[in-house]
Amino acid sequence: NAGVMQNPRHLVRRRGQEARLRCSPMKGHSHVYWYRQLPEEGLKFMVYLQKENIIDESGMPKERFSAEFPKEGPSILRIQQVVRGDSAAYFCASSRQTNTDTQYFGPGTRLTVL
Amino acid sequence: RKEVEQDPGPFNVPEGATVAFNCTYSNSASQSFFWYRQDCRKEPKLLMSVYSSGNEDGRFTAQLNRASQYISLLIRDSKLSDSATYLCVAIGNAGKSTFGDGTTLTVKP
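Since the structure is predicted, the reported quantities are computational estimates derived from the model, not experimental observations.

**What to know about the interface of chain A and chain B**
No. 1: Across the boundary between the two partners, chain A contributes 26 residues, which contact 20 residues of chain B.
No. 2: For chain A, the biggest contributors to the area lost against chain B are Leu-43, Thr-100 and Phe-105 of chain A; these three give 28% of the whole.
No. 3: The tally of links from chain A across to chain B stands at one salt bridge.
No. 4: Residues Lys-44 of chain A and Asp-101 of chain B are paired through a salt bridge, measuring 3.2 Å at the closest nitrogen-oxygen approach.
No. 5: Our count for the contact surface shared by chain A and chain B stands at eight residue pairs in polar contact (both at pLDDT 80 or more).
No. 6: Broken down by secondary-structure element, the contributors of at least two residues to the side of chain A that touches chain B are β4 (31-37), β5 (43-50), β6 (53-56) and β10 (104-105) of chain A.
No. 7: The element that contributes the greatest number of residues to the side of chain A that touches chain B is β5 of chain A, accounting for four residues.
No. 8: Grouping the constituent residues of the side of chain A that touches chain B by class yields 12 nonpolar, eight polar and six charged.

In structure tokens form, the structure reads like this:
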């Protein structure tokens, strides 16, 4: 019974490159959430998705960031033209049914922008 | 003002002590509440759900006060292994989750 899977665990990019972060929810979970944690800061909500739908993206930066959760395959958080300020831990969480169910977190992807 | 506020601490307590954390939330429409712990900035792990009727799990007790819009976590008989950052979260009816910035606890021998 695998938990939430994220890959890669560590990602290094140079400024201007693209970063793609993947998240596979727990089996039976249809809700996915992305969070960002900057160094020495708290966990910040970015986006909430169900299969093929973005439900709430109020925490996503307006430019360069996008997320999807296709019918088949993992959820993807995509950051275009990365800048040093994007360096952070990106956590994905999933929940079973309703949007107020318990969320279970993946191990995170540590993004470093050189 | 932040939507969810926690005392950042740090709380430094001896083993065996009882320690309490509070967390206030500003969105009265929040539907559900949880406490998580985070170790060394690894992934947050669920500690317990929070209900108005209270929720107890061993040495941990969580409580929700909707009228005052705060939740609490009580840890009795602290262990060294309780040292971590404790995060409270309020979830709105549209699914958006708002975490507090966390309270750091260090339990010392």
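Here the narrative resumes, following the displayed structure.
**Points about unusual backbone geometry**
No. 1: Omega for the peptide link from Asn-7 of chain A to Pro-8 of chain A comes to 0°, which places this bond in the cis form.
No. 2: Looking at the secondary structure, you find Pro-8 of chain A in the loop between β1 (5-7) and β2 (10-13).
No. 3: Across the junction of Gly-9 of chain B and Pro-10 of chain B, the peptide omega takes the value 5°, indicating a cis bond.
No. 4: Counting through the fold element by element, Pro-10 of chain B comes out in the loop between β1 (4-6) and β2 (11-14).
No. 5: Despite not being glycine, Arg-64 of chain A shows a phi value in the positive range, around 75°.
No. 6: Mapped onto the elements, Arg-64 of chain A comes out in the loop between β6 and β7 (65-68).
No. 7: If you check the backbone angles, Asp-77 of chain B has positive phi at about 50° while not being a glycine.
No. 8: Inspection of the secondary structure assignment puts Asp-77 of chain B in the loop between β8 (70-75) and β9 (84-91).

**Comments concerning the pattern of salt bridges**
No. 1: Enumeration according to the criterion identifies 11 salt bridges over all chains in this entry.
No. 2: Close ionic contact of Lys-2 of chain B with Asp-101 of chain B constitutes a salt bridge, the shortest N to O distance being 2.2 Å. Residue Lys-2 of chain B is found in the segment before β1, and its partner Asp-101 of chain B is found in the loop between β10 (97-99) and β11 (103-108); the two are separated by 99 residues along the sequence.
No. 3: Residue classification places Lys-2 of chain B among the partly exposed positions, given a relative accessible area of 45%.
No. 4: For Lys-45 of chain B, the salt bridge is made with Glu-43 of chain B, and the minimal N-O distance between the two is 3.3 Å.
No. 5: Residue classification places Lys-45 of chain B among the partly exposed residues on the basis of a relative accessible area of 48%.
No. 6: By relative accessible area, which is 18% here, Glu-43 of chain B ends up buried.
No. 7: Each of Glu-18, Arg-20 and Arg-78 of chain A takes part in salt bridges that share partners, so that together they form one network.

**Comments concerning the sheet that holds strand β3 (residues 19-24) of chain A**
Across a sheet, strands are paired by hydrogen bonds formed along the backbone, either parallel or antiparallel in direction.
All names here are of chain A.
No. 1: Strand order in this open sheet of four strands is β1-β3-β8-β7, and the pairing throughout is antiparallel. With partners counted over all chains shown, the strands left at the sheet margins are β1 and β7, one partner each. For this sheet, the mean inter-axis angle between neighbouring strands, taken without regard to orientation, is 15°.
No. 2: Looking at chain direction, β1 and β3 are connected through three bridges and run antiparallel. Bridging from a neighbouring strand, Gln-6 pairs with Cys-23 of β3.

Reading the values: the criteria
Residues numbered from 1 in each chain as written. Chains lettered and ligands numbered in written order. Predicted model: local features only at pLDDT ≥ 70, side-chain atom pairs only at ≥ 80, totals over all residues. Heavy atoms only, no water. Contact = heavy atoms within 4.5 Å. Buried area = accessible area lost by both parts, 1.4 Å probe. Salt bridge = Lys/Arg side-chain N within 4 Å of Asp/Glu carboxyl O. Polar contact = N/O pair within 3.5 Å; in protein donor to acceptor, adjacent residues only side chain to side chain. Helix = DSSP H or I, 4+ residues; strand = E, 2+ residues; numbered from the N terminus. Nonpolar A, V, L, I, M, F, W, Y, C, P; charged D, E, K, R; others polar. Buried < 20%, exposed > 50% of the residue type's maximum accessible area, 1.4 Å probe, protein only. Pairing = 2+ DSSP bridges. Axes fitted to C-alpha atoms, helices over the stretch in contact; angles between N-to-C directions.

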